[in-house]
Amino acid sequence: MGIRTQEAAAIELETRLITIRRHLHQYPEVANEEFETTKAIRGWLEEAGIRIVNLSLPTGVVAEVGGKHGGPIIALRADIDALPIHEETGLPYASRIFGNMHACGHDFHTSVILGAAFLLKQQEDTLPGTVRFLFQPAEEKGTGASLLIDHGALEGVQAIFGLHNKPDLEVGTIGIKPGALMASVDGFEIIVEGLGTHAAIPHTGIDPIVAASQMVTALQSIVSRNISPLEQAVVSVTTFHGGTTWNVIPHKVVLEGTVRTFHEEVRSFIPKRLQTIIEGVAEAYNARVSLRWFKGPPSVQNDPELTELSIETAKKVGLQVVVPEPSLAGEDFAFYQEKIPGSFVFIGTSGREEWHHPGFTVDERALLISAHYFAELAIRALEGRASG
Ligand code: NI
């Protein structure tokens, strides 16, 4: 291709990706309801002659290019779901579905991986293996990755790559680091039961509000006193429900919260310590307590070798590599990494607001270079595996 035609092709692809991204942005669908999104993605893939892998998914799409000469399989993953947030960006292509918004930029991720698919399709005959594209639903619920794994999406796959946009990184930069990048996400519910009574005769009852209050305070000591100051963790109590009126001591209080960690030892330690603390406090106050634990995605742990490959590739396509600060938010990409080696990166998108904010935006100048990055990464990963 001459330079002119190369330039024209780049402009054409960029225009296409912007159009796709704006379409997705205007019609955001929340977790497990991505029916129109699924149809649209399928349509764009089919239009490009890319084969769909039929996994009988309710929502989400899996597709492939290459594999004509056999060889390894690697996967590129995008998430496709939106959030139940009312958009307040004022953009001309703002959400047309009331109360839903692509406030985490999954429309951007989907467009980038579609772009990579279009680029790889053009070189399909010479690919030294197969690139599988996972357009995954329900990331925000933390359930979509497991759903795809259960439907066989990782079968034969040797390595997986994924991305999240990062508003605080400039367009043209990419955050890559080995090891822990995003936190595990677990939740809990604590039920404190006492004995309800008249507020004026508290000695005849057992006050669960006082006991639960002591628990909230005591739980603060897990991070500050039981975990190394060099380790990172969060224990947050986020709801406190009890009582119905001002002159009655209630029977019961329900607390909810979340725990975020970067390492499995810390992750498995916290529920044990939490249980000990709440049982001790309950005993001191004559109350009864029960705990329910909700295990979410583990932490995102980047494979060192694939991370090295990500860094080399980023430099090759002209992205500036930075070492990102790990995020305490969760990402169900971690479930894939439990099965096979993976590398997850942060793409700089010069956003106005943080993830999940009604004013969240991404800068579309990041689309084309990111698509090139993932196409190049896929080829290099295949080459590495085909020869090694
Ligand atoms: Ni997200």
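Participant: Mind laying out the overall build of the chain, listing which residues take part and the relevant values?
Facilitator: If you tally the helices and strands in the chain, you get 9 helices and 16 strands. For the chain, the C-alpha atoms occupy an extent of roughly 90 × 45 × 40 Å along the three principal directions. Counting over 388 residues, the chain shows a buried share of 52%. Contacts in the chain between residues at least 24 apart in sequence constitute 81% of all its contacts with a sequence separation of at least 6. When the accessible surface of the chain is totalled, it reaches about 17100 Å², and 53% of it is carbon and sulfur. Across the chain, the 31 positively charged side chains and the 47 negatively charged ones have centroids separated by 2 Å.

Participant: Account for the sheet that holds strand β1 (residues 51-52), with residues named and values stated.
Facilitator: Picture the strands of a sheet paired through backbone hydrogen bonds; they go either parallel or antiparallel. Read across the open sheet, the 8 strands follow the order β1-β2-β4-β3-β5-β16-β6-β15; overall the sheet is mixed. With partners counted over all chains shown, the strands left at the sheet margins are β1 and β15 (320-322), one partner each. Here strand β3 (residues 73-79) runs beside strand β5 (residues 157-166); their pairing, made up of 5 bridges, is parallel. Bridge pairing in β5 places Ile74 opposite Ala159. Contacting β1, β2 (61-66) and β4 (130-136), helix α2 (residues 35-47) runs over the sheet at an angle of about 15 degrees to β2. Here helix α7 (residues 304-316) sits on the sheet and contacts β5, β6 (173-175), β15 and β16 (342-348); the angle it forms with β16, its principal contact strand, is near 35 degrees.

Participant: Residue-level account of the layout of surface pockets, with values.
Facilitator: What the largest pocket holds in volume is close to 560 Å³. Lining the largest pocket are 21 residues, with Ala9, Leu13, Leu119, Gln122 and His372 positioned closest to its centre. Counting only elements with at least two residues in the lining of the largest pocket, the list comes to α1 (3-26), α3 (106-122) and α9 (366-387). Residue contributions to the lining of the largest pocket peak at 7 residues, all from α1. The class makeup of the residues in the lining of the largest pocket is 11 nonpolar, 4 polar and 6 charged.

Participant: Please give an account of the packing of aromatic side chains that cites residues and values.
Facilitator: Across all of its chains, the model carries 5 aromatic pairs by this definition. Ring-pair connections join several aromatic residues into one group, and the members of that group are Phe333, Tyr336 and Phe344. The ring centre of Phe346 lies 5.4 Å from the NZ or CZ of Lys166, which sits over that ring.

Participant: Explain the coordination of the nickel ion to me, using residue names and the numbers behind them.
Facilitator: Bound to the nickel ion are the protein donor atoms Cys104 (SG), His106 (NE2) and His164 (NE2), situated 2.1 to 2.2 Å from the metal. Sequence positions of the donors to the nickel ion reduce to the motif C-x1-H-x57-H. Here the two residues Cys104 and His106 agree in accessibility, since each one is buried.

Participant: Break down the domain arrangement of the chain for me, citing the residues and quoting the values.
Facilitator: Its domain assignment divides the chain into domain 1 (3-178 + 303-387) and domain 2 (184-295). Relative placement of domain 1 and domain 2: their C-alpha centres are 39 Å apart. Counting residues at the interface gives 5 residues for domain 1, matched by 4 residues for domain 2. Between domain 1 and domain 2 lies a buried interface of about 420 Å² when both sides are counted; carbon and sulfur atoms form 71% of it. When the buried area of domain 1 at its contact with domain 2 is split by residue, Pro326, Leu328 and Gly330 rank highest and sum to 84% of it. Linking domain 1 with domain 2 are 0 salt bridges, by the criterion used here. For the pair domain 1 and domain 2, the interface holds 1 residue pair in polar contact (both at pLDDT 80 or more). Its residues assigned to classes, the side of domain 1 that touches domain 2 comprises 3 nonpolar, 2 polar and no charged.

Participant: Lay out the nonpolar core with the relevant residues and their values.
Facilitator: Grouped together as the largest cluster of nonpolar side chains are 85 residues, with contacts concentrated most on Leu76, Leu120, Val131, Phe133, Phe135, Phe161 and Phe374. Other than its neighbours up to four places away in sequence, Leu120 contacts Val65, Leu76, Leu127, Val131, Phe133, Ala375, Ala378 and Ile379. If you look at the next biggest cluster of nonpolar residues, it comprises 22 residues, including Ile222, Ile227, Val281 and Ala282.

Participant: Can you lay out unusual backbone geometry for me, pointing to particular residues and giving the numbers?
Facilitator: At Asn32, a position not held by glycine, the phi torsion is positive, near 65 degrees. Inspection of the secondary structure puts Asn32 in the loop between α1 and α2. Taking relative accessible area as the criterion, Asn32 reaches 36% and is therefore assigned partly exposed. Its identity is not glycine, yet Ser56 carries a phi of approximately 50 degrees, on the positive side. Turning to its location among the elements, Ser56 is positioned in the loop between β1 and β2. Looking at Ser56, the relative accessible area reads 56%, which means it is exposed.

Participant: So what's going on with the side chain of His102? Residues and values would help.
Facilitator: If you trace the backbone, His102 turns up in the loop between β3 and α3. Using a relative accessible area of 1% as the deciding quantity, one classes His102 as buried. His102 has contacts with Leu24, His25, Pro28, Ile80, Asp81, Ala82, Asp107 and Phe360, leaving out every residue within four places of it along the chain.

Thresholds, definitions, all that
Residues numbered from 1 in each chain as written. Predicted model: local features only at pLDDT ≥ 70, side-chain atom pairs only at ≥ 80, totals over all residues. Heavy atoms only, no water. Helix = DSSP H or I, 4+ residues; strand = E, 2+ residues; numbered from the N terminus. Buried < 20%, exposed > 50% of the residue type's maximum accessible area, 1.4 Å probe, protein only. Contact = heavy atoms within 4.5 Å. Areas by Shrake-Rupley, 256 points an atom, 1.4 Å probe, with all protein chains shown as cover. Lys, Arg positive; Asp, Glu negative; His and termini not counted. Charge placed at Lys NZ, Arg CZ, Asp CG, Glu CD. Pairing = 2+ DSSP bridges. Axes fitted to C-alpha atoms, helices over the stretch in contact; angles between N-to-C directions. 1 Å grid on protein atoms, 1.4 Å probe; cavity = no way out; pocket = protein on both sides within 12 Å on 5 of 7 lines; lining within 4 Å. Points joined across faces, edges and corners; volume = space filled by probe spheres on them. Nonpolar A, V, L, I, M, F, W, Y, C, P; charged D, E, K, R; others polar. Phe/Tyr/Trp six-rings, centres within 6.5 Å; stacked < 30°, edge-to-face > 60°. Lys NZ or Arg CZ within 6 Å of the ring centre and 35° of its normal. Donors = N, O, S within 2.8 Å, 3.2 Å for Na, K, Ca; no water. Domains from an automatic or database assignment. Buried area = accessible area lost by both parts, 1.4 Å probe. Salt bridge = Lys/Arg side-chain N within 4 Å of Asp/Glu carboxyl O. Polar contact = N/O pair within 3.5 Å; in protein donor to acceptor, adjacent residues only side chain to side chain. Core = buried A, V, L, I, M, F, W, Y, C linked by side-chain atoms within 4.5 Å.

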